[in-house]
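Descriptive structure summary
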Amino acid sequence: MKSIIALSVVGAASAFVTPGQSSSTKLFAANPSLDMEAAEVEEPKKVYPTVNGWTADPDKFCAGLPGAVAPLGEFDPLGFTKGLPVQEIKRFREAEVTHGRVAMLAVVGYLVAEPFHPFFNGMISGPANTHLTQVRDVAPFFFAWLGGSIATAEFIRAKMGWEFPVAAMKKNIAMKEEENFDGKTWLSKLNDNYYPGDLKFDPMNLKPTNAKDFEAMTNKELNNGRLAMIASIGMIVQEQVTHQTLF
């Protein structure tokens, strides 16, 4: 008899409970603050385009760009890239790649042009530091053409990799407001879909088609460029001090 009475009481009580209402729902109903916290959604992270197999990751060293190779690995003792947004890290890499390429050409020029200089009837000689000045005196029209060629190449690089100055200024202002970072690059900004150093100049079709091989080739170029920058500054300083050719 007692069991029958107990079952009837439980059944009557269950009639006042909404069907399908779980204990967690009851808890949120009793605690509105928890319900509001659960409703809060984290802001979506910025999505970066994938270029040459690289997708920028602000949480990684140098946003995940190639170049952190053994034995130095993530080498940045002065913290130049610490706390930088992806835009600024790309700009730093663009500068590194460009200077590395110029340095590699300079090293070849120093090693070849000093012992072997058949151009201009052999009139250009002596330390390589003085060759450009000699060219200007011996062949002024060629010197002007050379300067114009360099300016044209830089203009093409700017058109391909960089935002138009007015658009760059607006985006830099927006970045300052959104990411609280003032890069002081007011009128310059790399295009979002531009990979630092990729000027689409590949006459021998050497650029790999898959991401892994492209990263490997990029690491090789960076390593050679870094070595060439160190070597070229050594050559320049030596000739400035000695006023003699390297060999």
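Above this text you will find the structure in question.
Note that the coordinates shown come from a computational prediction; the quantities given were computed from them, not determined experimentally.

A closer look at the overall build of the protein chain
If you tally the helices and strands in the protein chain, you get 8 helices and 2 strands. Ordered by position from N to C terminus, the α and β elements of the protein chain give α-α-α-β-β-α-α-α-α-α. Scored against the burial criterion, the 247 residues of the protein chain give a buried share of 25%. Long-range contacts, defined as pairs at least 24 residues apart, comprise 61% of the intrachain contacts of the protein chain with a sequence gap of at least 6. For the protein chain, the accessible area works out to roughly 17,700 Å², and carbon and sulfur atoms hold 65% of it.

Some thoughts on the packing of helix α4 (residues 86-113) against helix α8 (residues 211-242)
The description of two helices packed together rests on the angle between their axes and the distance between the axes. Across the interface, α4 lies against α8 with an axial gap of 7 Å and an inter-helix angle of 55°. Considered as vectors, α4 and α8 are oriented oblique to each other. The two elements α4 and α8 meet at a crossing, and its hand is left-handed. Residues Arg93, Glu96, Val97, His99, Gly100, Arg101, Ala103, Met104, Ala106, Val107, Tyr110 and Leu111 of α4 touch α8, and the partners they reach there are Glu221, Leu222, Asn224, Gly225, Arg226, Ala228, Met229, Ala231, Ser232, Met235, Ile236 and Glu239.

Some words on the nonpolar core
Counting residues in hydrophobic clusters, the biggest one holds 14 residues, and the most contacted among them are Trp54, Ala56, Ala63, Leu65, Val86, Ile89 and Tyr195. With sequence-adjacent residues up to four places away left out, Ala56 is seen in contact with Tyr48, Ala63 and Val86. One finds Val107, Ala128, Met235 and Leu246 within the second-largest nonpolar core, a separate group that totals 7 residues.

Observations regarding the environment of Leu132
Within the fold, Leu132 resides in helix α5 (residues 131-138). On the basis of relative accessibility, which here comes to 48%, the residue Leu132 falls in the partly exposed class. When the C-alpha positions of Leu132 and Phe143 are compared, they lie 8.1 Å apart, and in sequence the two are 11 residues distant. Residues contacting Leu132, with those up to four places away along its chain left out, are Phe143 and Leu146.

Some details on the packing of aromatic side chains
Taken as a whole and assessed by the stated rule, the structure comprises 4 aromatic pairs. Ring centres of Phe120 and Phe142 lie 5.4 Å apart, and the angle between their planes is 65°; on these two criteria the pair is classed as edge-to-face. In this pair, Phe120 is assigned in the loop between α4 and α5 and Phe142 in helix α6 (residues 140-161), connecting sequence segments 22 residues apart. Take Phe120: its relative accessible area is 29%, and that puts it in the partly exposed class.

Let's talk about the side chain of Glu114
The topology assignment puts Glu114 in the loop between α4 and α5. There is no salt bridge for the buried Glu114, and the closest opposite charge comes from Arg136, which lies 18 Å off by N-O distance. Of the polar contacts made by the side chain of Glu114, one reaches the backbone nitrogen of Ala128; its length is 2.8 Å.

A short note on the side chain of Thr81
Its place among the elements puts Thr81 in the loop between β2 (54-55) and α4. With a relative accessible area of 16%, Thr81 lands in the buried category. At 2.7 Å, the side chain of Thr81 and the side chain of Asp76 are in polar contact.

Looking at unusual backbone geometry
At the junction of Ala70 and Pro71, the peptide bond is cis and its omega measures out at 5° in the coordinates. With respect to the helices, strands and loops of the structure, Pro71 is situated in the loop between β2 and α4. Phi at Asn121 takes a positive value of approximately 60°, unusual for a residue other than glycine. Tracing the chain through its elements places Asn121 in the loop between α4 and α5.

A look at the pattern of salt bridges
All chains considered together, the criterion is met by 12 salt bridges. One salt bridge in this structure joins Arg157 and Glu94, with 2.7 Å as the shortest N-O distance. Here Glu94 lies in helix α4 and Arg157 lies in helix α6, a separation of 63 residues in the sequence. Accessibility expressed as a relative area gives 17% for Arg157, which makes it buried. You can call Glu94 buried: its relative accessible area is 2%. For Asp198, the salt bridge is made with Lys207, and the minimal N-O distance between the two is 3.0 Å. Residue class for Asp198 comes out buried when judged on its relative accessible area of 11%. Residue Lys207 is classed as partly exposed on the basis of its relative accessible area of 30%. Counted as one network, the salt bridges with shared partners bring together Glu163, Lys171, Lys189 and Asp192.

Parameters at a glance
Residues numbered from 1 in each chain as written. Predicted model: local features only at pLDDT ≥ 70, side-chain atom pairs only at ≥ 80, totals over all residues. Heavy atoms only, no water. Helix = DSSP H or I, 4+ residues; strand = E, 2+ residues; numbered from the N terminus. Buried < 20%, exposed > 50% of the residue type's maximum accessible area, 1.4 Å probe, protein only. Contact = heavy atoms within 4.5 Å. Areas by Shrake-Rupley, 256 points an atom, 1.4 Å probe, with all protein chains shown as cover. Axes fitted to C-alpha atoms, helices over the stretch in contact; angles between N-to-C directions. Parallel < 35°, antiparallel > 145°, perpendicular 65-115°, else oblique. Left-handed = near helix turned anticlockwise from the far one by under 90°. Core = buried A, V, L, I, M, F, W, Y, C linked by side-chain atoms within 4.5 Å. Phe/Tyr/Trp six-rings, centres within 6.5 Å; stacked < 30°, edge-to-face > 60°. Lys, Arg positive; Asp, Glu negative; His and termini not counted. Salt bridge = Lys/Arg side-chain N within 4 Å of Asp/Glu carboxyl O. Polar contact = N/O pair within 3.5 Å; in protein donor to acceptor, adjacent residues only side chain to side chain.

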